[in-house]
Amino acid sequence: MIRTQRLAAGVCALLAALTAGLAFPAGAAADEISALAPKVDLVLDVSGSMRTKDIDGGTRMAAAKQAFNEVLDATPEEVQLGIRTLGANYPGDDQKTGCKDTAQLYPVGPLDRTEAKAAVATLSPTGWTPIGPALLKAADDLDGGSGSKRIVLISDGEDTCAPLDPCEVAREIAAKGIGLTIDTLGLVPNTKMRQQLSCIAEATGGTYTSVEHTDELTDKVNQLVDRAADPVVTPVATEGADSCAKAPTLKSGLYTDREEFGQERWYRVDVEPGQELRASVSVSSDRAMNPHYGVLLRAVTVHGREIVRGEASGIGRTDVVSTGLRYPKAESDDDEAAAEAVCLQVTHSYSAAAGVKTTPGMPVELTVDVVDSPSGASDVASFGLGRGWWLLGLLVLVGFLAGVVWGWVSRWRVAVWRTN
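Below or above, wherever it landed, is the structure these notes cover. Predicted model, so just to flag it, every value in this text is computed and none were measured.

Of all hydrophobic cores here, the largest spans 31 residues; its most connected members are L42, L44, I154, L185, L217 and V225. Here this core gets seven residues from one element, more than from any other, and that element is helix 2 (residues 60-74). When residues no more than four places from it in sequence are discounted, the contact partners of I154 are V43, L44, D45, F68, L185, L187 and L217. The next biggest cluster of nonpolar side chains, apart from the first, holds 28 residues, and it includes V271, V281, V342 and L366.

Within the structure shown, the criterion is met by three disulfides. Each sulfur of the disulfide joining C244 and C343 lies 1.7 Å from the other. Of this pair, C244 sits in the loop between strand 9 (236-237) and strand 10 (253-259) while C343 sits in strand 16 (residues 340-348); the two residues are 99 residues apart in sequence, bridging distant segments of the chain. You'll find C244 and C343 in the same group, each marked buried. When the bonded cysteines of the chain are numbered from the N-terminus onward, they pair as 1-2, 3-4, 5-6.

With respect to the secondary-structure elements, E239 resides in the loop between strand 9 and strand 10. By relative accessible area, which is 60% here, E239 ends up exposed. With 26 residues separating them in the primary sequence, E239 and R265 have C-alpha atoms 8.2 Å apart. The contacts of E239, once residues within four sequence positions are left out, are P248, D257, R265 and Y267.

The end-to-end C-alpha distance of helix 7 (residues 191-203) is 18 Å, a good match for the 18 Å that 13 residues give at a rise of 1.5 Å each. Within helix 7, the full set of buried residues consists of M193, R194, Q196, L197, S198, C199, I200 and A201. Buried residues in helix 7 make contact with helix 5 (131-141), strand 6 (149-155), helix 6 (166-175), strand 7 (180-187) and strand 8 (208-211). The residue sitting at the N-terminus of helix 7 and contributing the capping side-chain oxygen is N190; that oxygen lies 3.2 Å from the backbone nitrogen of K192. Backbone geometry just downstream of helix 7 places G205 in the positive-phi region, at approximately 80°.

We now examine the packing of aromatic side chains. Across all of its chains, the model carries one aromatic pair by this definition. For the ring pair Y293 and Y350, a centre distance of 4.3 Å and an interplane angle of 20° mean the geometry is stacked. Taken together, the residues Y293 in strand 13 (residues 293-300) and Y350 in the loop between strand 16 and strand 17 (362-372) connect sequence positions 57 residues apart. Each member of the pair, Y293 as well as Y350, is classed as buried.

Further remarks concern the pattern of salt bridges. A side chain with one charge can pair with a side chain of the opposite charge if their charged atoms come near. Taken as a whole, this structure holds 16 salt bridges when the rule is applied. Salt-bridge contacts for E77 lead to R113; the nearest nitrogen and oxygen are separated by 2.9 Å. With E77 in the loop between helix 2 and strand 4 (80-86) and R113 in helix 4 (residues 113-121), this pair connects stretches of sequence that are 36 residues apart. With a shortest N-O distance of 2.7 Å, R171 and E168 are connected by a salt bridge. Of the two residues, R171 and E168 both sit in helix 6, three residues apart, roughly one turn of that helix. A single network of salt bridges, built from pairs that share partners, joins R298, E306, R309 and E311.

Thresholds applied
Residues numbered from 1 in each chain as written. Predicted model: local features only at pLDDT ≥ 70, side-chain atom pairs only at ≥ 80, totals over all residues. Heavy atoms only, no water. Core = buried A, V, L, I, M, F, W, Y, C linked by side-chain atoms within 4.5 Å. Buried < 20%, exposed > 50% of the residue type's maximum accessible area, 1.4 Å probe, protein only. Helix = DSSP H or I, 4+ residues; strand = E, 2+ residues; numbered from the N terminus. Contact = heavy atoms within 4.5 Å. Disulfide = S-S within 2.5 Å. Expected span 1.5 Å × (residues − 1). Polar contact = N/O pair within 3.5 Å; in protein donor to acceptor, adjacent residues only side chain to side chain. Phe/Tyr/Trp six-rings, centres within 6.5 Å; stacked < 30°, edge-to-face > 60°. Salt bridge = Lys/Arg side-chain N within 4 Å of Asp/Glu carboxyl O.

Here it is in structure tokens:
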């Protein structure tokens, strides 16, 4: 009897040990996944000015609530999302108290959509606009973990809590090296607010967007939340030259530069036989600009002959203008054939409005990707027409045959008319 009890106890202990051994690794794996999860903190301005009715016939607050509800429905499962407010609780006139008015409405973590929507529904425009203090707190909300971290700030006015400059706060956050990006959205922006929100975004490598409609706000916030789930790519700072001969040689990657007004920047990329160069460039208007502008990206040989180009234009309603190009290099029978040096030229036709500083130059983001060419790629850059060359040739042939047929029919009709 005693032996049976001891045996049973031993079996139970063994099972317990095996259960614990299996449970701990699973828990550790869950913690590891959580540490790698991307995090987003939506920081919403709930100051008194959000009562203004100038977005699609409703208040700015109503537009923000509608956008938030749609964003919460579309948030990817792997994204840990939180919501912080500024100016939501203190309605008084004391600046010192008003500038402390920032609170975590919904903590950063796995998203309970029903609970988050219920929290958003309680918001009512109330007080001050403490952007600087809210950014500091939001950075703390995102502390910990090694996944991407992003703050999305939505505001309809500039900070009212000087001397704590939000731009300096953003630079301080960037200097910590925690990989946190701040994107800003301005509701019905004015010049001063645009400058401040652009400065905040630029300090951390983020983006600024002006918004005047509810659907624009929804689309942009959704885009930024989705972007948080993408692998983090840190742009590499580079400095283009004023000519192809002096240009730095770039590998595949993402690069940032500055280009002054009336300036052109040159870069070089080595393309091996059988490879394809794909390049794109974006130029941001980080200050007040005159309307009607464009961006040009050219691929040329070292001797100056243009290979292919991409160009785009704007009329004052866009903050970023982008264009791109592709250039495939045909395969060679010579295994030791040298790579071709392709020069990329970036120019823009932005011009600053009166009284606006022209330095530093405009922010430029250049993406370079050198990949294996697709089969039959030798036609892609033919006359700069891409694969549309085949369609153009077909249309020319059809037009020629149609002309011949029409001419023959016309002559036949004339002959019949004369006979009659």
